[in-house]
Amino acid sequence: MSLFPKSSAFAQVTGLASLRTVHAAFSWLRLYTKRIMGWQAELVAIPAPPFGEQARSEWLAARFGECGLSDVHTDPAGNVLAILQPANLPPEGTGPVVVLSAHLDTVFPPGTPLHPVLTETDGIGRLQAPGACDNAAGVAGILALANALVQAKVELPAPLVFLGNVGEEGEGDLRGVRQFYANRSLAERVVAHIVLDGAGTDSAVTQALGSRRYLVEIAGPGGHSFTDAGTPNPIAAMASALAELAETPLPDEPRTTLNLGTIRGGTSVNSIPESVEATVDFRSTSIEHILRLEVALHRAVEDAVGRWNAAADPSRSRGPLTHSIEKIGDRPAGALSPNSPLLEALRAVDRHLNLKTDLRLGSTDANIPLSLGVPAISIGAGGEGGGAHTQAEWFSAKDRDLGLKRILLLTLTMLEWAADL
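The present account deals with the structure reproduced in this document. (Residues numbered from 1 in each chain as written. Predicted model: local features only at pLDDT ≥ 70, side-chain atom pairs only at ≥ 80, totals over all residues. Heavy atoms only, no water.)

Quick word on the side chain of T364
Filter applied, for reference: For the purposes of this entry, the term helix denotes a DSSP run of H or I that reaches at least four residues, the term strand denotes a run of E that reaches at least two, and both are numbered from the N terminus. Any two residues whose heavy atoms approach within 4.5 Å at even a single point are treated as in contact.
Mapped onto the elements of the fold, T364 is located in the loop between strand 16 (358-362) and helix 11 (367-371). The residues contacting T364, other than those within four sequence positions of it, are E168, L174, D197, V205, R331 and S378.

Written out as structure tokens, the structure is:
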């Protein structure tokens, strides 16, 4: 039986696409490509390093206000929220809502040169700048969709929440979307969450790759390499621990990975270091395998510290080694059900637009709702892009309007479904 109670998802998509107001929204997306690219160029010129997204939050809040969205506000984490409220529903409603989101932050640290270069060839805009695609494309996408819906006066059957969130990249650890779902009065109303991340129209992340990240520290009294020889060396112990951990067997299915990311410490070549730090990353679609790797990490570090303390010369040692292991990242795993109405709607939209979507595994803002059982998907905002996470990153607006049309139809279809719940 179809998960769409009144008709099939394809019939709903076809019906929506034939509405005069929806055609007007499509036209807005096609006619205002230069305005959308202008927003994108403005955005990438504003630094948004991890935990430094405030200026972009303020910029997006101002754009949401200009658009005419209601209840524009910034939450304690720095997320920007706004609502497109149906005219026939009270603002204080308690019914289902659909969320359309994009993350504001970039991977680039403070001080990274941001010099957007905007060019045009054969009427197609091209933007080169750090973060031009990931995720200025997504933020420009939600802003374009908000404007298209408002300007075309599309009547929504259920509220649509726009979310520009912080903390998606790196050690941000999805803190923005975590904060959104911690607000239970709104989060418990979410029946579908569509994440815009990067460019493209041919793929969707429906399976959330879980990951955990750790900061390992081994410390000791340190000393002079000759005078205090016999004092246990933190770097030697860390090297032993990491070498043992790297030998941990990993399953082929489900695919599970272990990465030794960074190691730093010490003062000089002729000093016994006082401390050393290392970062470690585990990833899997199975929380059980991640937990096994966590146990292996603790065992490897404890064994290495114990061995090097036992081997120390008690007559020369200035003291034993100590260690700590801190979890610095935790992205939960999850998956969209094959029978989800969101996936059914996406396939119907693809059929209508003659597109084909490859379903992928990834680590995105969709991890949080998927882990909570909320139907969620992460898709590109149209156009083309490359060089992600480098200073040569670029975005091309070629076929951006097709990608946004895809998202618009998917969003409207889910709003129709939500209204029937």
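Some words on the pattern of salt bridges
Which entries qualify depends on this criterion: Salt bridges are counted wherever a side-chain nitrogen of Lys or Arg sits within 4 Å of a carboxyl oxygen of Asp or Glu.
Under the defined criterion, the tally for this structure stands at 15 salt bridges. Its salt-bridge partner being R178, residue D173 comes within 3.6 Å of it at the nearest N-O pair. In this structure, R212 engages E294 in a salt bridge whose closest nitrogen and oxygen atoms are separated by 3.3 Å. Of this pair, R212 sits in strand 9 (residues 210-219) while E294 sits in helix 9 (residues 287-311); the two residues are 82 residues apart in sequence, bridging distant segments of the chain. Bridged by salt links that share partners, the residues R212, E294, K327 and D330 form one connected network.

Quick notes on helix 2 (residues 20-31)
Counted only if it meets this: What a helix is expected to span follows from its residue count: subtract one and scale by 1.5 Å. For every residue, the accessible area (1.4 Å probe, protein chains only) is compared with the maximum for its type, and the residue is labelled buried under 20%, exposed over 50%, or partly exposed between those bounds. Relevant arc is that of directions from the helix axis to the C-beta atoms, nothing else.
For helix 2, with 12 residues, the first-to-last C-alpha span of 16 Å sits near the 16 Å given by 1.5 Å per residue. Among the residues of helix 2, T21, V22, A25, F26, W28 and L29 are the ones counted as buried. What you see down the axis of helix 2 is that its buried residues fit within an arc of 155°, all on one side. Of the exposed residues in helix 2, those oriented more than 90 degrees away from the buried face are R20 and L31. Buried residues in helix 2 make contact with helix 1 (9-17), helix 3 (33-44), helix 5 (136-151) and helix 12 (400-419).

Notes on helix 5
End to end, helix 5 covers 22 Å across 16 residues, agreeing with the expected 22 Å (1.5 Å per residue, within 8%). Counting buried residues along helix 5, 14 of its 16 residues qualify, which places the element largely inside the surrounding structure. One or two steps after helix 5, the chain reaches K153, where phi turns positive at roughly 55°.

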